[in-house]
Amino acid sequence: MPSSQPQPVAPSVRRQSAPHVAIAGATGAVGEEFLRVLAQRHFPIGKLTLLASARSAGKTLAFNGDDYTCEELTEDSFKDVDLALFSAGGSISKKFGPVAVDAGAVVVDNSSAFRMTDGVPLVVPEVNPEAITDANIGLGSDNVAGIIANPNCSTIIMLMAVTPLHRAVAVKRMVVSTYQAASGAGAAAMRELEQQTREALSEPGAVGEVKTQAIFPFQYAFNLFSHNSPMQPNGYNQEELKMVHETHKIWAQNENEKTAITATCIRVPVMRAHAESINLTFAHPLPEDEARRLLEQAPGVSLIDDRANNRFPMPLDATHRDDCYVGRIRRDLSQPGETGLDLFVCGDQVRKGAALNAVQIAELLLR
Ligand SMILES: NC(=O)c1ccc[n+]([C@@H]2O[C@H](COP(=O)([O-])OP(=O)(O)OC[C@H]3O[C@@H](n4cnc5c(N)ncnc54)[C@H](OP(=O)(O)O)[C@@H]3O)[C@@H](O)[C@H]2O)c1
């Protein structure tokens, strides 16, 4: 069963005063989660600036019991900002991320805009915190402003579960299939799933057709489909390729040591929290019990692996929680000896896949 949640940490602050934090995309699914995570973890905030599109200018959002008014994101939004948390989409990050850095801020970006850019650290704090130190980006006086990228949400959840095993016996090949929630596509996608479900159930007798279809190209309620990211000429969609390329960058693998990875990403009508089925091939044998022990000890990972009761991770276990939940841990009988393993993982991708991971990065910058 889920373990207790990690206790919020108040990081040691080297600055004289708490940073001025700006959130670009504050009204979105990730933006609103940022506000919850920052408050729950007692992140030190001297001043908070909430930014969104012109549509949201004047809207109020609550933080720590106070109301804050959203401003329109413009080129002038980052004056005196120390830390800018971006979750407003790739094109906004591309345009305004460098503006924030020029104004002296450190940017932690949730979009894919800079993830594969040379010199931009791509960080999961439990996996490769050293990437931040190496880049010398930080909030202290002897560090420099720059951009740090938050990986793709499916990549983060996968690597939370697989990295402890990879560190022990080296993963040679990884086959992953995802079951991705509506919230991964933002607040409007969540509203579409809810509305479609109402419409479908309003038809007497059978599950009927839906009228609302603005975000996804297909009916989402009572259905599932291949991930809606752009299809590439090689037959993979962009989400699948992100999982491949980002893993190689996060694990700092050179051309000769790259793990062979293939992914199939599917959108399922779950409101929140992604699930992933993962098949691994190791360079060295790893007994099932040893894999279980490694995962039990891994920070940010909890086990739900109860064969007797057929009780394994479900999206609802992970919803609004920090940890990634791992189960169905079993030797892959199709691979020789103890060189293959199957896993099933669930993680809240708005939280660990986005806002929490970015705030954990920001906490590392404060040390
Ligand atoms: N959802 C996830 O699980 C997840 C996980 C990892 C990464 N991400 C990434 O995080 C980013 C945000 O995702 P989301 O799910 O939070 O999306 P969302 O719910 O659609 O929110 C988008 C946010 O961006 C703002 N925005 C849109 N156009 C803007 C503009 N022209 N200028 C300023 N702000 C603008 C929106 O403001 P308005 O309300 O004013 O429109 C809103 O605050 C995306 O890059 C996404 O890929 C999301």
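**So, the site of the ligand**
For step 1, the next point in the chain: Contacts to the ligand come from 26 residues, most closely from T27, S53, R55, S56 and S183.
For step 2, the next point in the chain: T27 is positioned with one of its side-chain polar atoms (N or O) 2.5 Å from an oxygen atom of the ligand.
For step 3, the next point in the chain: Between S56 and the ligand, the recorded distance is 2.5 Å, taken from a side-chain N or O atom to an oxygen atom.
For step 4, the next point in the chain: The residue inventory of the shell around the ligand, partitioned by class, reads eleven nonpolar, 14 polar and one charged.
For step 5, the next point in the chain: Lining the shell around the ligand are residues from two domains, each supplying at least three of them: domain 1 (20-150 + 354-366) and domain 2 (155-349).

**Considerations on the domain arrangement of the protein**
Quite often, the size of an interface is put as the accessible area lost when its parts meet.
For step 1, the next point in the chain: Each assigned domain of the protein is listed here: domain 1 (20-150 + 354-366) and domain 2 (155-349).
For step 2, the next point in the chain: Averaged C-alpha coordinates put domain 1 and domain 2 at centres separated by 26 Å.
For step 3, the next point in the chain: Facing 18 residues of domain 1, the contacting portion of domain 2 comprises 18 residues.
For step 4, the next point in the chain: Our count for the contact surface shared by domain 1 and domain 2 stands at two salt bridges.
For step 5, the next point in the chain: Two residues, E246 and R115, come together in a salt bridge whose shortest N-O distance is 3.2 Å.
For step 6, the next point in the chain: The interface formed by domain 1 and domain 2 contains seven residue pairs in polar contact (both at pLDDT 80 or more).

**With respect to helix α7 (residues 288-297)**
For step 1, the next point in the chain: All buried positions along α7 are accounted for by E288, A291, R292, L294 and L295. Looking down the long axis of α7, one finds its buried residues gathered within 165° of arc, a one-sided arrangement. Exposed residues lying more than 90 degrees from the buried face of α7 are D289, E296 and Q297.
For step 2, the next point in the chain: Tucked into the core, α7 has its buried residues touching α4 (153-169), β13 (301-303), β14 (324-331) and β15 (340-347).

**Quick look at the packing of aromatic side chains**
For step 1, the next point in the chain: Scanning the model with the defined rule gives seven aromatic pairs in all.
For step 2, the next point in the chain: Here F218 and F225 contribute two aromatic rings whose centre-to-centre distance is 5.5 Å and whose plane-to-plane angle is 55°, an arrangement assigned as tilted.
For step 3, the next point in the chain: Residue classification places F218 among the partly exposed positions, given a relative accessible area of 45%.
For step 4, the next point in the chain: The class for F225 is buried, based on a relative accessible area of 7%.
For step 5, the next point in the chain: Judged by centre distance (5.4 Å) and plane angle (50°), the ring pair of Y220 and F225 falls under tilted. Both residues of the pair, Y220 and F225, belong to the buried class.
For step 6, the next point in the chain: Of the aromatic side chains, those joined through ring pairs into one cluster are F216, F218, Y220 and F225.
For step 7, the next point in the chain: Here the guanidinium or amino end of R328 rests over the ring plane of F312, the centre of that ring lying 5.2 Å away.

The rules behind the values
- Residues numbered from 1 in each chain as written.
- Predicted model: local features only at pLDDT ≥ 70, side-chain atom pairs only at ≥ 80, totals over all residues.
- Heavy atoms only, no water.
- Near = heavy atom within 4 Å.
- Polar contact = N/O pair within 3.5 Å; in protein donor to acceptor, adjacent residues only side chain to side chain.
- Nonpolar A, V, L, I, M, F, W, Y, C, P; charged D, E, K, R; others polar.
- Domains from an automatic or database assignment.
- Contact = heavy atoms within 4.5 Å.
- Salt bridge = Lys/Arg side-chain N within 4 Å of Asp/Glu carboxyl O.
- Buried < 20%, exposed > 50% of the residue type's maximum accessible area, 1.4 Å probe, protein only.
- Helix = DSSP H or I, 4+ residues; strand = E, 2+ residues; numbered from the N terminus.
- Arc of directions from axis to C-beta.
- Phe/Tyr/Trp six-rings, centres within 6.5 Å; stacked < 30°, edge-to-face > 60°.
- Lys NZ or Arg CZ within 6 Å of the ring centre and 35° of its normal.

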